[in-house]
Amino acid sequence: MVAGGRYTLDPRYKRFPTIVHALAYAAERLPDRPGLVVPGMDGQDRTLSYRQYVAAVAAMARRFEAQGARGKAVAVVMGNGMEAAVALMGAMAAGALAAPVNPNYTPAELAPLLKDVGPHILCCDPQQEERLRPIAAELRVPHFATLPAGTVEALLREPPPSLPLPGAEDASVMFFTGGTTGLPKGAAHTHSTLMAYSYGVGALWPLEFGVERVLNVAPLFHIWGFCFTLVYPVYIGASMHLLPAYKPGEVLATFERHRITVFAGGPPTMYVGLRAHENYRKTDFSNIRWCMSGGAPCSEELLRAWHEETGSVILEGIGMSEGAPIAQMPMQGKRKVRSVGVVGPDTEVEVVDLDTGTKVLPPGQAGEVRVKGPQFIKGYRNRPEETAKTFRDGWLYTGDIGYFDEDDYLFIVDRKKEMILVGGFNVYPREIDEVLAKHPAILEVATVGVPDSFSGEAVKSYVALKPGASLDRNSLEAYCKERLVKYKLPKHIEFLDALPKTGVGKINKLELKSRR
């Protein structure tokens with residue numbers, strides 16, 4: 001077992017019951033410092049000082065409270081932006097469970113997720129309203145709120161209410177993750193788990209309070225984007241610059257325009273895209289000190305080239321929707337290529353055998369990584385069977401295969417599950433199979449992940465048609481585009497007369513993965 005302890009939280013960092021308390025503290029200490037900066041539709045930045053940030057969150061929270069949200073769920077189906085950020089933070093301040101949901105999902109994908117959330121309030125962008133209202137009506141959601149650009153400014157024109165403060169063990173946020181069935185399930189956090197996240201990140205990435213200018217492009221519905229927009233930057237009193245989407249040219253321009261010091265980054269494909277952009281070599285990186293990466297491993301070549309070309313260091317880490325961080329590459333001390341770093345404070349990590357999941361393996365021997373710590377949830381929402389499989393004897397079994405070296409650095413070498421990691425997004429083969437299997441011409445289907453030079457992995461689906469049926473690739477791609485978000489779409493489709501089977505009659509995915 002490797003327990004965190006080598007790195008501890010700097011005593012200059014404060015501890016708070018909730019991130020809402022941390023926001024109030026930042027507003028008290030740094031009232032005029034920009035807290036949240038997003039691009040406006042007119043090309044001008046929209047900026048909230050920390051004083052305004054607290055006022056907007058308080059006003060939004062009081063609206064939610066008036067609608068009876070305390071102790072219930074608030075679904076936020078919105079893209080990155082000021083309204084989405086204030087709605088999520090406002091929901092948490094109101095004592096509600098904030099549930100960010102991918103706005104790019106099709107109605108067929110959104111409906112089961114929102115049913116699982118069971119929202120008391122559903123918030124959306126104006127462009128989402130038409131397709132979400134029927135779902136909200138079907139689910140009998142009591143309150144539906146459309147939040148156009150300018151909503152936050154309107155909130156600030158109201159008489160400023162007091163900021164409600166939730167409790168440490170109140171529900172805070174829920175992220176959707178997948179499991180052995182491939183069906184999404186909710187990982188619901190409390191405020192204490194979010195603060196444990198802050199302390200864990202702060203111990204290994206101790207950024208200076210009230211100084212940093214952080215840029216994030218990752219989506220708010222993902223734990224990385226959420227925590228690097230609404231949690232850790234607030235905790236350290238950073239100026240948080242949030243872009244609506246990842247566009248390499250805009251990222252590079254923002255580096256210079258706002259003299260960004262920390263790039264929250266994400267999967268390595270973001271860095272690959274930046275290096276490929278025509279303005280990369282012209283960009284001034286002199287203000288950037290640290291860049292973060294997670295969701296997929298960076299290649300040795302990328303880490304080396306980025307440092308040589310920009311002068312900044314990419315620090316890798318690992319976490320999951322159920323809790324983060326598990327391990328991080330430290331800012332200070334030894335950094336090892338291909339490792340995800342060392343275990344942080346109050347966290348225990350073991351590598352155990354794949355057969356029983358109970359035998360702890362020595363350094364250098366690979367097995368399944370299991371974790372324990374205050375940043376992790378205790379089970380899945382409405383999924384007792386999945387909870388029993390993943391959470392055993394106080395341990396969370398990650399499904400990752402890895403090993404520790406002699407210096408207690410963690411290396412991840414594979415994934416136990418069949419999950420496909422496309423540019424940092426989790427894609428579950430069964431979900432793709434279920435969509436394809438509903439096509440009237442398809443007899444059998446099997447989806448696997450295949451190596452991809454840009455996204456790390458790509459989705460490949462093998463299809464066998466019913467006797468006498470006809471279907472071409474273009475028609476099948478159009479069918480998929482109506483039912484799946486872009487990153488889940490099969491990049492490769494291969495038609496076979498029949499799918500290979502194992503001796504017991506199961507589709508042989510190992511054989512399919514070995515095909516080229």
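Residue positions are counted from 1 within each chain, in the order its sequence is given. With the structure being a predicted model, the display of local features is reserved for residues of pLDDT at least 70 and the display and counting of side-chain atom pairs for 80 or more, all residues being used for whole-chain, interface and lining totals. Side-chain calculation: all heavy atoms of the structure are included, whereas hydrogens and water are not.

Side note on the overall build of the protein
Link 1 in the chain: Only runs of H or I of at least four residues qualify as helices and only runs of E of at least two qualify as strands under DSSP, and these elements are numbered from the N terminus. Counting secondary structure elements, the protein contains 15 helices and 26 strands.
Link 2 in the chain: Only C-alpha atoms enter the radius of gyration; for comparison, a globular chain is expected to reach 2.2 Å times N to the power 0.38, where N is the number of residues. Here the C-alpha atoms of the protein give a radius of gyration of 23 Å, agreeing with the 24 Å that 2.2 N^0.38 yields for 516 residues.
Link 3 in the chain: C-alpha extents for the protein along the principal axes are approximately 70 × 55 × 50 Å.
Link 4 in the chain: Residues counted as buried form 58% of the 516 residues belonging to the protein. Classification of residues uses two cut-offs on accessible area relative to the type maximum, computed with a 1.4 Å probe and protein chains only: under 20% is buried, over 50% is exposed, and between them is partly exposed.

What to know about helix α1 (residues 19-29)
Link 1 in the chain: When we look at burial in α1, the residues that qualify are Ile19, Val20, Ala22, Leu23, Tyr25, Ala26 and Ala27.
Link 2 in the chain: On its buried face, α1 sits against α2 (50-66), α3 (82-93), α7 (191-204) and α8 (223-235).
Link 3 in the chain: Counted as a polar contact is a pair of N or O atoms within 3.5 Å, where, for protein atoms, one must be capable of donating a hydrogen and the other of accepting one, and residues adjacent in sequence contribute only when both atoms are in side chains. The N-cap of α1, judged by a side-chain oxygen 3.1 Å from the amide nitrogen of valine 20 a few residues on, is threonine 18. Between two residues, a contact is recorded if the distance between any of their heavy atoms is within 4.5 Å.

Digging into the pairing of strand β26 (residues 492-495)
Link 1 in the chain: In short, DSSP must find at least two bridges between two strands for them to pair. Where strand β25 (residues 456-465) lies against β26, four bridges are found, and the strand directions are parallel. Of the residues in β26, the one forming a bridge with lysine 460 is histidine 492.

As for α3
Link 1 in the chain: Take the residue count of a helix, subtract one, and multiply by 1.5 Å to get its expected span. An ideal rise of 1.5 Å per residue puts 16 Å on 12 residues; α3 measures up with 16 Å between its terminal C-alpha atoms.
Link 2 in the chain: Counted residue by residue, α3 has 12 buried out of 12 residues, so it is predominantly covered.
Link 3 in the chain: All of the buried residues along α3 are Met82, Glu83, Ala84, Ala85, Val86, Ala87, Leu88, Met89, Gly90, Ala91, Met92 and Ala93.
Link 4 in the chain: A positive phi of about 80° marks glycine 95, the residue just after α3.

Some words on the sheet that holds strand β14 (residues 313-320)
Link 1 in the chain: Taken in spatial order, the nine strands of this open sheet run β3-β2-β11-β10-β12-β13-β14-β15-β16, and their pairing is mixed. Unpaired on one side and paired on the other, β3 (45-49) and β16 (342-343) mark the two borders of the sheet.
Link 2 in the chain: Bridge count between strand β12 (residues 262-266) and strand β13 (residues 290-293): three bridges; the pairing is parallel. In the strand pairing of β13, glycine 266 is matched with serine 293.

A few points about the state of the cysteines
Link 1 in the chain: Cysteine sulfur atoms that come within 2.5 Å of each other are treated as a disulfide pair. One pass over the structure, following the stated rule, counts zero disulfides.
Link 2 in the chain: As a non-bridged cysteine, cysteine 291 has cysteine 298 as the owner of its nearest cysteine sulfur, 10 Å distant.
Link 3 in the chain: Taking the relative accessible area as the measure of exposure, cysteine 298 reaches 5% and is therefore buried.

Quick notes on the pattern of salt bridges
Link 1 in the chain: The rule for a salt bridge is simple: a side-chain nitrogen of Lys or Arg has to be within 4 Å of a carboxyl oxygen of Asp or Glu. Per the stated rule, a full pass over the model turns up 27 salt bridges.
Link 2 in the chain: Note that glutamate 109 and lysine 488 form a salt bridge whose closest N and O atoms lie 3.3 Å from each other. Of the two residues, glutamate 109 is situated in helix α4 (residues 107-117) and lysine 488 in the loop between α14 (473-481) and β26; the sequence distance between them amounts to 379 residues.
Link 3 in the chain: Residue glutamate 109 is classed as buried on the basis of its relative accessible area, which comes to 7%.
Link 4 in the chain: Close ionic contact of arginine 281 with glutamate 309 constitutes a salt bridge, the shortest N to O distance being 3.3 Å. Here arginine 281, found in the loop between α10 (268-276) and β13, pairs with glutamate 309, found in helix α11 (residues 300-310); they are 28 residues apart in sequence, far enough to count as distant.
Link 5 in the chain: Shared partners join several salt bridges into a network, and the residues in it are Lys334, Lys336, Asp405 and Asp407.

As for the nonpolar core
Link 1 in the chain: We define the nonpolar core as a collection of buried residues of types Ala, Val, Leu, Ile, Met, Phe, Trp, Tyr and Cys that are connected through side-chain atoms lying within 4.5 Å of one another. By size, the foremost hydrophobic cluster in this structure holds 88 residues, and its most contacted members are Ile19, Tyr53, Met89, Phe226 and Tyr235.
Link 2 in the chain: With residues up to four places along the chain from it excluded, the contact list for tyrosine 53 reads Leu23, Gly35, Leu36, Leu48, Met89, Leu230 and Val234.
Link 3 in the chain: Residues Leu97, Leu110, Ile432 and Tyr487 belong to the second largest nonpolar core, which totals 39 residues.

Digging into unusual backbone geometry
Link 1 in the chain: In this structure, the amide linkage connecting alanine 324 to the following residue, proline 325, adopts the cis form with an omega of -5°.
Link 2 in the chain: Even without being a glycine, arginine 140 presents a positive backbone phi close to 60°.
Link 3 in the chain: Inspection of the secondary structure assignment puts arginine 140 in the loop between α5 (129-139) and β7 (143-146).

Regarding the packing of aromatic side chains
Link 1 in the chain: Pairing of aromatic rings covers Phe, Tyr and Trp, the last through its six-membered ring, and needs centres within 6.5 Å; plane angles under 30 degrees mean stacked, over 60 mean edge-to-face, and all others mean tilted. Counted under the stated rule, the structure contains 22 aromatic pairs.
Link 2 in the chain: Ring geometry for tyrosine 199 against tyrosine 235: centres 5.9 Å apart, planes inclined by 65°, an arrangement best described as edge-to-face. Taken as a pair, tyrosine 199 in helix α7 and tyrosine 235 in helix α8 lie far apart in primary sequence, 36 residues in all. For the pair shown, tyrosine 199 and tyrosine 235 are each scored as buried.
Link 3 in the chain: Taking the centre distance of 5.6 Å and the plane angle of 70° together, the rings of phenylalanine 263 and tyrosine 271 count as edge-to-face.
Link 4 in the chain: Since its relative accessible area comes to 0%, tyrosine 271 is described here as buried.
Link 5 in the chain: Three or more aromatic residues joined by ring pairs make a cluster, and in this case those are Tyr13, Phe16, Tyr25, Tyr199, Trp205, Phe209, Trp224, Phe228, Tyr232 and Tyr235.

Details of the environment of alanine 22
Link 1 in the chain: Of note, alanine 22 is situated in helix α1.
Link 2 in the chain: Taking the relative accessible area as the measure of exposure, alanine 22 reaches 2% and is therefore buried.
Link 3 in the chain: Beyond its immediate stretch of four places on either side in the chain, alanine 22 contacts Phe16, Val234 and Tyr235.

Some points on the environment of alanine 145
Link 1 in the chain: Inspection of the secondary structure assignment puts alanine 145 in strand β7.
Link 2 in the chain: Measuring from C-alpha to C-alpha, the distance between alanine 145 and phenylalanine 175 comes to 21 Å, with 30 residues separating the pair along the chain.
Link 3 in the chain: Those residues within four positions of alanine 145 in sequence are excluded, and the remaining contacts are Leu122, Cys123 and Cys124.

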